[in-house]
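Here are the chains, one letter per residue:
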Amino acid sequence: MRQSTEAANVYPTLESLLAAVRSCRACEAHLPLGPRPVLSAAETAHILVVGQAPGVRVHTTGIPWDDPSGERLRAWMGIDKDAFYDKSRIAIIPMGYCYPGRGNGGDMPPRRECATLWLDQLLARLPRIELTLLIGQYAQRHFLGRRRKQSLADTVRAWREYTPRYMPLPHPSPRNQPWITHHPWFERQLVPVLRARINAMAKR
């Protein structure tokens, strides 16, 4: 409680907190393209999208999910870009806010400093969130903790255990197409439920 109170005194509004996050340079020495925190939020948002970390394209544009992964995610959600980027309804806060660089076979994991320094403060400023999309293992590990299953597939398959607050999803990256092909139940069973939930929330 003391930490939350101190944070509120330093950042009295969500806007001032977001400005501080976007000015963060804590990981600068480890970021190959330099720091550029990418996130979007407003206190009125009812849906929170938590992914991994920006890719190169998102780092370049500064627009979250501005890539093929975002196109597929919006298709799963059944919404267009205008709805997706309406921060008054949908907050977008990844586990890592800056592009972490390349590793073996893909991008590096999101850096942990972002969640350590900022995530709890951001969540405290989003009191109306009803549904959080946990996209990929890093988001699921952080938010679900010991409730997470042994594999991502098992966690996603057990989505009913986490609703209505959370919806675990695989990452929509084209690189993940083999996973989606190997688990056809995901798009057949879970995606329609996701679309229906978001559509119902959008009509309120």
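Conventions and cut-offs
Residues numbered from 1 in each chain as written. Predicted model: local features only at pLDDT ≥ 70, side-chain atom pairs only at ≥ 80, totals over all residues. Heavy atoms only, no water. Buried < 20%, exposed > 50% of the residue type's maximum accessible area, 1.4 Å probe, protein only. Helix = DSSP H or I, 4+ residues; strand = E, 2+ residues; numbered from the N terminus. Pairing = 2+ DSSP bridges. Disulfide = S-S within 2.5 Å. Phe/Tyr/Trp six-rings, centres within 6.5 Å; stacked < 30°, edge-to-face > 60°. Lys NZ or Arg CZ within 6 Å of the ring centre and 35° of its normal.

1. Describing the pairing of strand S5 (residues 131-135)
Here S5 lies mainly inside the structure; 5 of its 5 residues are buried. Residue alternation in S5 divides its side chains into two sets, Leu131, Leu133 and Ile135 and Thr132 and Leu134, and both sets are buried. Pairing geometry for strand S1 (residues 47-50) and S5, over 4 bridges, is parallel. Residue Ile47 lies in a different strand from S5, and its bridge partner there is Leu131.

2. Examining the state of the cysteines
By the definition in use, this model includes 0 disulfides. Looking at Cys27, it has no disulfide partner, and the nearest cysteine sulfur is the one in Cys114, 5.3 Å off. On the basis of relative accessibility, which here comes to 9%, the residue Cys27 falls in the buried class.

3. So, the packing of aromatic side chains
Taken as a whole and assessed by the stated rule, the structure comprises 6 aromatic pairs. Arranged with centres 5.9 Å apart and planes meeting at 65 degrees, the rings of Phe143 and Tyr166 form a pair that is edge-to-face. With Phe143 in helix H7 (residues 137-144) and Tyr166 in strand S6 (residues 166-169), this pair connects stretches of sequence that are 23 residues apart. Considered together, Phe143 and Tyr166 belong to a single accessibility category, that of buried residues. Consider the rings of Trp179 and Trp185, whose centres lie 6.1 Å apart with planes at 70 degrees: the pair is edge-to-face. Taken as a pair, Trp179 and Trp185 share a single burial class, namely buried. Cation over ring: Arg74 sits above Phe84, and NZ or CZ is 5.2 Å from the ring centre.

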